[in-house]
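This is what each chain is made of:
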Amino acid sequence: MSIAIDIHVREKRYGTRLVLRDLRLQLQEGEIVSLIGASGCGKSSLLSIASGLDRDFSGEVKLDGKPLHGVSRDIGVIFQEPRLFPWLSVAENVAFDSGNALSTQRLVTRLLSEVGLQDHAAALPKQLSGGQAQRAAIARGLFTQPRVLLLDEPFSAVDAFTRMKLQDLLLKVAYEHKLTVLLVTHDIDEALYLSDRVVLLDGGLTEFHPGPAPRQRGDIEAAQLKASILQSLHV
């Protein structure tokens with residue numbers, strides 16, 4: 001398989017504070033990778049760099065072998081909060097700033113159906129539950145038909161049952177859209193369930209391999225790997 005995204009950070013600072021140094025993370029096409037680590041270790045900073053939103057760093061990001069200069073429609077981003085515009089309908093949020101072409105309407109309809117919101121296209125964000133709002137955010141992240149999807153703690157604000165349903169939804173859309181996925185999460189169980197690789201950011205990068213998909217929640221192998229990760233985190 002070819003490399004979908006290649007993230008090389010020589011140095012990232014906020015003022016005089018060094019956040020990231022000498023890191024290289026490559027994701028193959030179709031791979032799902034979770035990035036974990038203690039709070040403040042630089043996970044969200046690395047994701048912001050990968051998205052092209054943060055260009056104030058020393059290093060380079062390549063998409064399909066070509067340098068990335070700023071944001072790209074080939075990279076979708078989903079944040080911790082849905083960040084929906086409250087005055088726009090769900091459908092309008094998904095297709096924000098894209099015009100009203102028939103092809104656009106068809107794509108929005110298809111995406112809302114994929115995330116289970118086909119009956120909420122005309123609803124305003126305040127009429128949605130937390131899980132529904134995040135489903136709308138997922139549909140919006142898929143609207144540009146990206147090849148790489150970046151997610152920053154996307155399920156942390158919902159209850160445990162909704163979180164599991166959203167995890168399964170992510171697996172479904174990643175497979176159907178042939179996405180390469182980089183997920184930042186604090187939930188080790190989530191990382192082990194979703195990912196082909198789990199990468200611990202702790203000064204450097206340490207990799208853990210949950211095994212082939214499909215994986216089961218809470219199986220013996222996952223429990224053993226979780227113990228190894230916690231030991232690496234010095235918990």
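## Notes on the packing of helix 4 (residues 130-142) against helix 5 (residues 160-176)
Turning to step 1, where the next piece is worked out: Put simply, helix 4 and helix 5 touch, their axes get as near as 11 Å, and they point 15° apart. Our classification of the angle between helix 4 and helix 5 gives roughly parallel. Seen along the crossing, helix 4 lies across helix 5 with a hand that is right-handed. In this structure, helix 4 contributes Gly131, Gln134, Arg135, Ile138 and Leu142 to the contact, and helix 5 contributes Thr162, Lys165, Leu166, Leu169 and Val173.
Turning to step 2, where the next piece is worked out: Residue composition of the contact of helix 4 with helix 5, grouped by class: five nonpolar, three polar and two charged.

## Comments concerning unusual backbone geometry
Turning to step 1, where the next piece is worked out: Cis geometry is adopted by the peptide bond preceding proline 214, which originates at alanine 213 and carries an omega value of -5°.
Turning to step 2, where the next piece is worked out: If you trace the backbone, proline 214 turns up in the loop between strand 10 (204-208) and helix 7 (220-232).
Turning to step 3, where the next piece is worked out: For aspartate 64, which is not glycine, the phi dihedral falls at a positive 55°.
Turning to step 4, where the next piece is worked out: Tracing the backbone through its elements, the reader meets aspartate 64 in the loop between strand 4 (58-63) and strand 5 (66-67).
Turning to step 5, where the next piece is worked out: Positive phi is not limited to glycine here, since glutamate 153 has a value of about 50°.
Turning to step 6, where the next piece is worked out: Within the secondary structure, glutamate 153 is located in the loop between strand 7 (148-152) and helix 5.
Turning to step 7, where the next piece is worked out: Given a relative accessible area of 8%, glutamate 153 falls into the buried group.

## Remarks on the sheet that holds strand 5
Turning to step 1, where the next piece is worked out: With respect to topology, four strands assemble into an open sheet ordered 2-1-4-5, the strand pairing being antiparallel. What marks the edges here is a single partner per strand, and that holds for strand 2 (17-28) and strand 5.
Turning to step 2, where the next piece is worked out: The sheet contact formed by strand 1 (residues 3-14) and strand 4 spans six bridges and is antiparallel. When the sheet's bridge partners are listed, valine 9 is paired in strand 4 with glycine 59.

Conventions adopted
For every chain, the first residue of its written sequence is number 1, and the numbers climb from 1 along that sequence. Residue-level local features of this predicted model are given only where pLDDT is at least 70; pairs of side-chain atoms are given and counted only at 80 or more, and the full residue set underlies all totals for whole chains, interfaces and linings. Each side-chain value is derived from all of the structure's non-hydrogen atoms; neither hydrogens nor water enter the calculation. Each axis is a line fitted through C-alpha atoms, and for a helix only the stretch in contact is used; angles between axes span 0 to 180 degrees, taken between their N-to-C directions. Strands are runs of DSSP state E lasting at least 2 residues, helices are runs of H or I lasting at least 4, and numbering of each runs from the N terminus. Orientation categories follow fixed angle ranges, with anything under 35 degrees roughly parallel, anything over 145 roughly antiparallel, 65 to 115 roughly perpendicular, and all other angles oblique. Handedness of a helix crossing follows the sense of rotation of the near helix relative to the far helix, less than a right angle counterclockwise being left-handed and clockwise being right-handed. In this analysis, two residues are considered to be in contact whenever any of their non-hydrogen atoms come within 4.5 Å of each other. Just so you know the grouping, Ala, Val, Leu, Ile, Met, Phe, Trp, Tyr, Cys and Pro go in nonpolar, Asp, Glu, Lys and Arg go in charged, and all remaining residues, Gly too, go in polar. Throughout this description, buried means an accessible area under 20% of the type-specific maximum (1.4 Å probe, protein chains only), exposed means over 50%, and partly exposed covers the range between. In this description, strands pair whenever DSSP reports at least two bridges between them.

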